[in-house]
Amino acid sequence: MNPLATLLNELETKIPQFDKTNQEISKSDVGWHIEHTLLTIIGIINLLSASNPKDYKWKFNFIRIVVLTTKKIPRGRAKAPEVVQPKGNYGVESLTAHLLVTKQKIETLHSMDKANFFIHPYFGKLKLKETINFLEIHTNHHLTIINDILKKYNLNNLATN
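Residues numbered from 1 in each chain as written. Predicted model: local features only at pLDDT ≥ 70, side-chain atom pairs only at ≥ 80, totals over all residues. Heavy atoms only, no water.

Draft legend 1. Inspection of the nonpolar core at higher detail. Ranked by internal contacts, the top residues of the largest apolar core, which has 36 residues, are Leu-8, Leu-11, Ile-34, Ile-41, Ile-106, Leu-109 and Phe-134. Breaking this core down by element, the ones donating at least two residues are α1 (3–14), α2 (30–50), α3 (62–70), α4 (92–106) and α5 (128–151). Among all residues touching Ile-106, those that are not within four sequence positions of it are Asn-2, Leu-4, Ala-5, Leu-8, Ile-41 and Ile-45. (Core = buried A, V, L, I, M, F, W, Y, C linked by side-chain atoms within 4.5 Å. Buried < 20%, exposed > 50% of the residue type's maximum accessible area, 1.4 Å probe, protein only. Helix = DSSP H or I, 4+ residues; strand = E, 2+ residues; numbered from the N terminus. Contact = heavy atoms within 4.5 Å.)

See the structure below:
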């Protein structure tokens, strides 16, 4: 199983605690982090598939190099773009359905040209391999936040035990 699919499986175990919050960790609840992650993955895959590999041109970007090398996104430094901010209500059913769509969508990554790319607001253009790496880092970033939120409830490992 690829790492992104594994991370999505772990994210799935957090869905039952979608309404849990911890203001010391995040202003958003667990469900927001799950929905944001799913919106991000689907949105980026859509942008990748719509890109023209011939339009890719590499450009040095220090922040991109740091994040992709360290595999860490600093907390509280950036605001999620409007397009990937959850809107409306979400619950167990909607998050589960959205997760299923996301799992199907990541399967399309295998058939894309390695030069497909998307433009990240802070990192610039990311080719397919870098994009997959970013999606893994981003998903793990939000899983870490979710786990920190759930520590307050001692529910962190409940779904996985």
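Draft legend 2. Local environment of the layout of surface pockets. Within this model, the largest pocket holds a volume of roughly 1000 Å³. Lining the largest pocket are 38 residues, with His-36, Ala-78, Lys-79, Ala-80 and His-138 sitting closest to its centre. If you list the elements that add at least two residues to the lining of the largest pocket, you get α2, α3, β1 (117–120) and α5. By residue class, the composition of the lining of the largest pocket is 22 nonpolar, twelve polar and four charged. (1 Å grid on protein atoms, 1.4 Å probe; cavity = no way out; pocket = protein on both sides within 12 Å on 5 of 7 lines; lining within 4 Å. Points joined across faces, edges and corners; volume = space filled by probe spheres on them. Nonpolar A, V, L, I, M, F, W, Y, C, P; charged D, E, K, R; others polar.)

Draft legend 3. Seen up close, unusual backbone geometry. Look at Lys-71: it is not a glycine, yet its phi comes out positive at around 60°. In this structure, Lys-71 sits in the loop between α3 and α4. For Lys-71, a relative accessible area of 44% corresponds to the partly exposed category.

Draft legend 4. Spotlight on the pattern of salt bridges. Using the criterion set out here, one finds five salt bridges in the structure. Between Lys-87 and Glu-82 there is a salt bridge whose closest N-O contact spans 3.8 Å. Lys-87 gets classed as exposed once you look at its relative accessible area, which sits at 57%. Look at Glu-82 and you get exposed, because its relative accessible area is 52%. (Salt bridge = Lys/Arg side-chain N within 4 Å of Asp/Glu carboxyl O.)

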